[in-house]
Amino acid sequence: MSGELISQVPEAYGTGVMPFQAPSSRAVARSTRREVDTVLGRAEVAHARDQARAVLASGALSNTTALVGLAEQCYTAAPAGAPYYEAIIKAYGLGAARAIAGF
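Attention here is on the structure that accompanies the text. (Residues numbered from 1 in each chain as written. Predicted model: local features only at pLDDT ≥ 70, side-chain atom pairs only at ≥ 80, totals over all residues. Heavy atoms only, no water.)

Brief notes about the overall build of the protein chain
Counting its regular elements, the protein chain contains 3 helices and 0 strands. Tracing the protein chain from N to C terminus, the helices and strands come up as α-α-α. The 103 residues of the protein chain split such that 7% are buried. When the accessible surface of the protein chain is totalled, it reaches about 8,700 Å², and 64% of it is carbon and sulfur. (Helix = DSSP H or I, 4+ residues; strand = E, 2+ residues; numbered from the N terminus. Buried < 20%, exposed > 50% of the residue type's maximum accessible area, 1.4 Å probe, protein only. Areas by Shrake-Rupley, 256 points an atom, 1.4 Å probe, with all protein chains shown as cover.)

Remarks on a positive patch on the surface
Judged by side-chain charge, Arg26, Arg30, Arg33 and Arg34 come together as a positively charged surface patch. With respect to the helices and strands, Arg33 occurs in helix α2 (residues 26-77). (Patch = residues over 30% accessible without salt bridge, like charges linked within 9 Å, V, L, I, M, F, W, Y side chains within 5 Å. Salt bridge = Lys/Arg side-chain N within 4 Å of Asp/Glu carboxyl O. Lys, Arg positive; Asp, Glu negative; His and termini not counted. Charge placed at Lys NZ, Arg CZ, Asp CG, Glu CD.)

Shape descriptors only; they carry no functional weight alone.
Next up, the structure:
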């Protein structure tokens, strides 16, 4: 019965799109392989760069946390240095952020 229904569907409803066929020659197959390899290579580099940035960001956050803790201890010992402690932490944070963004 399903065969009967399919045969009754008019050709006008067809997509007109040719089905994908395998490359017709070795040259086309080589070219396709090279292009796929290039795309995969770019994806690997992008992933490695993203992972490196994440590692750098994690380290910068840990370092900033340690510096803030140290600055709090310094503030307890010498409160007059507060503006300097803050400036040092800001300088480190901004430098680290720039380095990560530029990686």
